[in-house]
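# Per-entry structural report
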Amino acid sequence: MDSDIREGEVALDFDPGAKADGSVSFIGWIQTPWKERGSAPRNLIQARERTSEPAHLVLQPAYGPGLSCLEGYSHVVVLYWMDRARRDLILQWPRHSDRARGVFSLRSPVRPNPIALGIVPLLGVDQDMARVTVGPLDCLDGTPLLDIKPYHASTDAYPNAVSS
Ligand SMILES: C[S@@+](CC[C@H](N)C(=O)[O-])C[C@H]1O[C@@H](n2cnc3c(N)ncnc32)[C@H](O)[C@@H]1O
């Protein structure tokens, strides 16, 4: 685990990863062009700006049938596990911010359960190969895949949403 911590940041006095009361199964892995921490884009906008190369969701073969009917959607929600992130920083000081912020007000990969979210265009589904091609993602190559869900603009989009 990283030991560095910035002024204003606060770490939990326990490691959430060591106190898990549930478990998830990785359904596969994500292939992206980003091989090292420093090279990864900060978010999906930056990922799209930096590459037109799609990301590949490579599922374990047993999950292939679960892709049935997915091809009818234009976009999908991808949930992934930031396996190389520490999990104990409850307050964090992002470089762009003038103050420390609570983890639940951030999209940081550093969180008690390092689950990341990307809503991306669906470019291809190969059920036999248990493989899905999507628009660029902001995760490192080899990041574990947790889930894929269809994106429903009617329920998932809030056109008047505000962010701070
Ligand atoms: C700010 S997060 C956003 C993730 C996702 N789009 C979200 O909103 O939940 C993206 C950053 O996570 C980091 N990252 C990517 N893959 C990672 C991994 N497998 N483990 C730890 N950190 C990772 C990279 O530094 C990248 O810039």
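Scoring rules and cut-offs
- Residues numbered from 1 in each chain as written.
- Predicted model: local features only at pLDDT ≥ 70, side-chain atom pairs only at ≥ 80, totals over all residues.
- Near = placed C-beta within 6 Å.
- Helix = DSSP H or I, 4+ residues; strand = E, 2+ residues; numbered from the N terminus.
- Nonpolar A, V, L, I, M, F, W, Y, C, P; charged D, E, K, R; others polar.
- Pairing = 2+ DSSP bridges.
- Core = buried A, V, L, I, M, F, W, Y, C linked by C-beta atoms within 7 Å.
- Buried ≥ 20, exposed ≤ 12 C-beta atoms within 10 Å, placed from the backbone.
- Contact = placed C-beta atoms within 7 Å.
- Axes fitted to C-alpha atoms, helices over the stretch in contact; angles between N-to-C directions.

### Quick word on the site of the ligand
Close contacts around the ligand come from 20 residues, with M82, R84, P109, A116 and C139 the closest. With 3 residues, strand β7 (residues 115-126) is the largest single contributor of residues to the shell around the ligand. Counted by class, the shell around the ligand contains 10 nonpolar, 4 polar and 6 charged residues.

### A word on the sheet that holds strand β6 (residues 101-102)
Across the sheet, 3 strands lie side by side as β1-β5-β6; this open sheet has antiparallel pairing. The two strands at the open ends of the sheet, each matched to only one other strand, are β1 (10-11) and β6. Where strand β5 (residues 89-92) lies against β6, 2 bridges are found, and the strand directions are antiparallel. By the bridge assignment, Q92 is partnered in β6 with R101.

### Section: the nonpolar core
Counting residues in hydrophobic clusters, the biggest one holds 23 residues, and the most contacted among them are I30, L57, V78, Y80, V134, L137 and C139. Elements supplying a minimum of two residues to this core: β3 (55-59), β4 (75-81), β7, β8 (131-134) and β9 (143-150). Setting aside residues no more than four positions away along its own chain, I30 makes contact with A55, L57, Y80, L137, C139, T143 and L145.

### As for the sheet that holds β3
Taken in spatial order, the 6 strands of this closed barrel run β2-β3-β8-β7-β4-β9, and their pairing is antiparallel. Strand-to-strand twist in this sheet, taken as the mean axis angle between neighbours without regard to direction, amounts to 45 degrees. Examined bridge by bridge, β7 and β8 share 4 bridges and lie antiparallel to one another. Within β8, the position partnered with V125 by the bridge is V132.

### Focus on the pairing of β9
Taken together, the 3 bridges between strand β2 (residues 28-31) and β9 define a ladder with antiparallel strand orientation. Looking at β9, one finds that G28 is bridged to L145. Here β4 pairs with β9 via 5 bridges, running antiparallel. Bridged to Y80 within β9 is L145.

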